[in-house]
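# Reading the structure
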Amino acid sequence: LPIDARSLMRKFALALSLCSSVVLFAADTAQERLSDSTKVFNEIMATPDKGVPQDLLEKANCIIIVPGMKQAALGIGAKFGRGYAVCRQNHGRWGGPAAIRVEGGSFGFQIGASNTDIVMLLMNEQGMRRLLEDKFTLGGEATVAAGPVGRQTSASTDVQLSAEILSWSRSKGLFAGIALHGATLRPDNEVNAELYGSKITNKEILKGGETAPAGSMDLITALNRYSPREDKDKPLESRGDADRKKK
């Protein structure tokens, strides 16, 4: 094809994928997406031999869960999704969820579409500060690596151990580490307003200045159950009891 024709096809594919994202974003509510995030996390952690290593989860400052991230492609691949970031408060228990968008693209010959759950761990203060920015790019401003899978991190590489962010994906039941290079994360202020009932920024939420909404307690309880710091020595089934009593 002539260069102009190929360029036109690329622009058409990109426009189509962006239009699809608008439709998909409008398909659920903030609370439904929060419930999906809780379900994704619980299902992944229920299979420890094939999930996020427990010791990494306990060390992490923040977690990002994007249920059903879409990747469509017609000559141009486009990734887009909505989810939540949750950070520890005073380095201890988990706080309220802040809504985020994940957007990014990759060029190459791809056909079809996929629906993938994404989990990211922010392993240090520098990674946590990225979430307070208006936007940042994985592999650009923030170092990212594919996370290890299993109960422990004994087989982790130096790259994994030094990265600010570790990421995993789950598609069609397969859970594996994946590096989301080029994806951009930004606050989703419209969803925050829907969830908290007023205009509020991710910075206000993640720094612990806002009370977590009642609808987020299932997710917070699950996070405190599987990645405790204050009640680390308690049996797994009794962790998060303080969160459940608040509901």
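Our structure's up above, just so we're on the same page.
Every value quoted in this text rests on a predicted model; they were computed, and no experiment measured them. (Residues numbered from 1 in each chain as written. Predicted model: local features only at pLDDT ≥ 70, side-chain atom pairs only at ≥ 80, totals over all residues. Heavy atoms only, no water.)

## What to know about the packing of helix α2 (residues 30-45) against helix α6 (residues 189-196)
So the rule is basically this: Here, axes are lines fitted to C-alpha atoms. For helices the fit covers the stretch in contact, and angles between N-to-C directions go from 0 to 180 degrees. Going along the chain from the N terminus, every DSSP run of H or I of four or more residues is numbered as a helix, and every run of E of two or more is numbered as a strand. Roughly parallel refers to an angle under 35 degrees, roughly antiparallel to one over 145, roughly perpendicular to one between 65 and 115, and oblique to any angle outside these ranges. Contact definition: two residues touch when any of their heavy atoms are within 4.5 Å.
As a packed pair, α2 and α6 sit with axes 9 Å apart at the nearest point and diverge in direction by 95 degrees. Here α2 lies roughly perpendicular to α6, going by the angle between them. Two secondary-structure elements touch here, α2 through A30, Q31, R33 and L34 and α6 through V191, E194 and L195.

## What to know about the environment of S162
Note on placement: S162 falls in helix α5 (residues 158-162). The sequence separation of S162 and A145 amounts to 17 residues, and the corresponding C-alpha distance is 8.9 Å.

## Description of the nonpolar core
Rules: In these notes, a set of buried Ala, Val, Leu, Ile, Met, Phe, Trp, Tyr and Cys residues joined through side-chain atoms within 4.5 Å is what counts as a nonpolar core. Only protein chains enter the area calculation, which uses a 1.4 Å probe; residues under 20% of their type maximum are buried, those over 50% are exposed, and those in between are partly exposed.
Residues F41, I63, I64, M120, L121, L131 and L138 are the most contacted members of the largest nonpolar core, which totals 58 residues. When residues of this core are assigned to their parent elements, the largest contribution, 10 residues, is made by strand β1 (residues 62-87). When near neighbours in sequence (up to four residues on either side) are disregarded, M120 contacts C62, I63, I64, V102, L138, I165, L166, S167, L180 and L185.

## As for the state of the cysteines
Disulfides are covalent bonds that connect the sulfur atoms of two cysteines. To keep things clear, this is the line we draw: The criterion for a disulfide is a pair of cysteine sulfur atoms lying within 2.5 Å.
One pass over the structure, following the stated rule, counts one disulfide. One disulfide in the model links C62 with C87; its S-S distance is 2.1 Å. The disulfide joining C62 to C87 has a torsion of about 105 degrees about its S-S bond and is therefore right-handed. Each member of the pair, C62 as well as C87, carries the same accessibility label: buried.

None of this, on its own, says anything about what the molecule does.
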